Amino acid sequence: MSARLEARGVRLAYEGRVVASDLSLAVPDGSFTVVVGPNACGKSTLLRAFSRLLRPQAGAVVLDGAAIASYRPKEAARRVGLLPQSATAPEGITVGDLVARGRYPHQGLVRQWSAADEVATTDAMLATGVEELRDRLVDDLSGGQRQRVWVAVALAQQTPLLLLDEPTTYLDVSHQVELLDLFADLHEAGTTVVAVLHDLNHAARYATHLVVMKDGAVVTAGAPAQVLTAQLVEDVYGLACVVVPDPVTGTPMVVPRGRESRRPR
């Protein structure tokens, strides 16, 4: 298994709290990797380390054979794009101007705004359904609209590796599926996608490689059909369930037992 991006024995901490120790994970090239696990298990922290936003206290995140910390910021940003969990736009900025900032890693003293940049930003806005909002202030948008705008920023960056931290936050179910379909299309076109998701059924449907974390460690990883079992869900989440084939895709589908499991037989 080849991997352009991997964590090698990393120790991750912030605000004095150790989130993970000796954590290793390789992202298979060309995969749609989805990371799942309970709240506070280290999923988003790992993504921050993968994106160069959090420097490991020990070990290293390796990108294309070199420690990611060794890259200049723009060079790293040309290789790895990130949709963060909580992003804040500058006050008074329009949607078009914010999405255009996704092209920043491709700019320089010599190379300024180009026709290619214009195409990239327009394509990103069309793909996420925010083109009609181009002249609107980001401050005036709903939570779901803002989330789609931030996805457009990440798409405009046009990186071979795309990291998504809970990308469906604030979106209704139809927009969740639309965005996940879009990421699946990007994956099929050659982008390696790494996403943190909470919905196990979405994860099982879209992932080609599923990573399950708990308490800052990788519990297991592999194809969803091999990884996602009722026993695993109970062990990791403490949730009694059954796992059945999704009637549409045939991928594993988690059905919680809930109150049914507590009824006397």
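Scroll up a little and you will see the structure.
All of the points below concern the structure found in this document. Owing to the predicted nature of the structure, the values given are computational and were not obtained by experimental measurement.

Rules behind the numbers
Residues numbered from 1 in each chain as written. Predicted model: local features only at pLDDT ≥ 70, side-chain atom pairs only at ≥ 80, totals over all residues. Heavy atoms only, no water. Salt bridge = Lys/Arg side-chain N within 4 Å of Asp/Glu carboxyl O. Helix = DSSP H or I, 4+ residues; strand = E, 2+ residues; numbered from the N terminus. Buried < 20%, exposed > 50% of the residue type's maximum accessible area, 1.4 Å probe, protein only. Pairing = 2+ DSSP bridges. Axes fitted to C-alpha atoms, helices over the stretch in contact; angles between N-to-C directions. Contact = heavy atoms within 4.5 Å.

## A short note on the pattern of salt bridges
- Per the counting criterion, the structure on display carries nine salt bridges.
- Its salt-bridge partner being D64, residue R4 comes within 2.6 Å of it at the nearest N-O pair. Of this pair, R4 sits in the segment before β1 (5-14) while D64 sits in the loop between β4 (58-63) and β5 (66-67), placing them 60 residues apart in sequence.
- Overall, R4 belongs to the partly exposed group, its relative accessible area being 26%.
- Of the charged contacts, one joins R78 and E75 as a salt bridge, the two residues approaching to 2.7 Å between their closest N and O atoms. Separated by three residues within a single helix, R78 and E75 lie in helix α2 (residues 73-79), roughly one turn from each other.
- Taking relative accessible area as the criterion, R78 reaches 33% and is therefore assigned partly exposed.
- Ionic contacts of the salt-bridge type, sharing partners, join the residues R4, D64, E75, R78 and R79 into one network.

## Side note on the sheet that holds strand β2 (residues 17-27)
- Here four strands make up an open sheet; going across it, the order is β2-β1-β4-β5 and the pairing antiparallel. Each of the sheet's edge strands pairs with one partner strand only, and the pair in question is β2 and β5.
- Bridging between β4 and β5 involves two bridges; their strand directions are antiparallel. Bridged to L63 within β5 is A66.

## Examining the sheet that holds strand β7 (residues 161-165)
- With mixed pairing, the six strands of this open sheet are ordered in space as β6-β7-β8-β3-β9-β10. One side of each edge strand has no neighbouring strand; the edge strands of this open sheet are β6 (80-83) and β10 (217-222). Averaged over all pairs of adjacent strands, the angle between strand axes in this sheet comes to 15°, irrespective of strand direction.
- Sitting on the sheet, helix α1 (residues 43-50) touches β3 (32-36), β6, β7, β8 (192-196) and β9 (209-214), and the angle it makes with β7 is about 150°.
- Relative to the sheet, helix α6 (residues 173-188) contacts β3, β7 and β8, its axis offset from that of β3 by approximately 135°.

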